[in-house]
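Structure assessment
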Amino acid sequence: MSAEDLEKYETEMELKLYREYRDVVGLFKYVIETERRFYLTNDYEMQVHSVQGEVFFEVSMADAWVWDMYRPARFVKQVRVLTFKDVNIEELNKTDLELPGG
């Protein structure tokens, strides 16, 4: 496989992933972004832990969708993320998801 073929494949996979995201985003209430992944979920719990002066976050989600083009199944029943990096949690506004004129 040439570099051009690989790039074309990745571009097609990203487009397919974006279309799937667009189709499912309206089903979810929250967007959760970590340094490695982007999730959609309706239910989450976040705990902040401090061990020996180090702070880390534990985020648990139920019935989530994960933005990852290399996963064969993006819907997951349970997710648990541990990270020392920032976690961004945003509540989606349903009116922001509507297409103009729709």
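Up top is the structure.
My aim in this report is to walk through the structure given alongside it, one point at a time.

Cut-off values and rules
Residues numbered from 1 in each chain as written. Predicted model: local features only at pLDDT ≥ 70, side-chain atom pairs only at ≥ 80, totals over all residues. Heavy atoms only, no water. Helix = DSSP H or I, 4+ residues; strand = E, 2+ residues; numbered from the N terminus. Rg over C-alpha atoms; globule rule 2.2 N^0.38 Å. Buried < 20%, exposed > 50% of the residue type's maximum accessible area, 1.4 Å probe, protein only. Contact = heavy atoms within 4.5 Å. Areas by Shrake-Rupley, 256 points an atom, 1.4 Å probe, with all protein chains shown as cover. Salt bridge = Lys/Arg side-chain N within 4 Å of Asp/Glu carboxyl O. Pairing = 2+ DSSP bridges.

Of regular secondary structure, the protein possesses one helix and six strands. Starting at the N terminus and walking to the C terminus, you meet the elements of the protein as α-β-β-β-β-β-β. In terms of C-alpha radius of gyration, the protein reaches 16 Å, well past the compact-globule figure of 13 Å for 102 residues. Counting across all 102 residues of the protein, residues that qualify as buried make up 29%. If you take every contact in the protein between residues at least 6 apart in sequence, the share linking residues at least 24 apart comes to 54%. Just so you have it, the protein exposes about 7,600 Å², and 49% of that area is on carbon and sulfur atoms.

Here the focus is the environment of valine 81. Its place among the elements puts valine 81 in strand S5 (residues 75-83). Counting along the chain gives 19 residues from valine 81 to alanine 62, while the straight-line C-alpha distance between them is 12 Å. Those residues in contact with valine 81, other than ones at most four positions away along the chain, are Thr34, Tyr39, Phe57, Glu58, Val59 and Met61.

Okay, the pattern of salt bridges next. With the rule as written, the count across this model stands at five salt bridges. One salt bridge in this structure joins aspartate 68 and arginine 37, with 3.2 Å as the shortest N-O distance. Highlighted residues: aspartate 68 in the loop between strand S4 (54-66) and S5 and arginine 37 in the loop between strand S1 (30-33) and strand S2 (38-41), separated in sequence by 31 residues. By relative accessible area, aspartate 68 is classed as buried at 12%.

As a further point, take the pairing of S1. The pairing of S1 with S2 spans four bridges and is antiparallel. What sits directly across from glutamate 33, in S2, is phenylalanine 38. Connecting S1 to the next strand, S2, in antiparallel fashion are four residues. Where S1 meets strand S6 (residues 88-91), four bridges bridge the pair, whose relative direction is antiparallel. Its bridge partner being in S6, valine 31 is matched across the sheet by glutamate 90.

In regular strands, side chains alternate between the two faces of the sheet. Bridging between S2 and S4 involves two bridges; their strand directions are antiparallel. From the neighbouring strand, tyrosine 39 faces S4, where its bridge partner is valine 66. In this structure, strand S3 (residues 43-51) lies alongside S4, joined through nine bridges in antiparallel fashion. The partner of histidine 49 across the bridge, within S4, is phenylalanine 56. In this sheet, S5 lies alongside S4 in antiparallel orientation, the contact comprising eight bridges. Its bridge partner lying in S5, methionine 61 is registered against valine 79.

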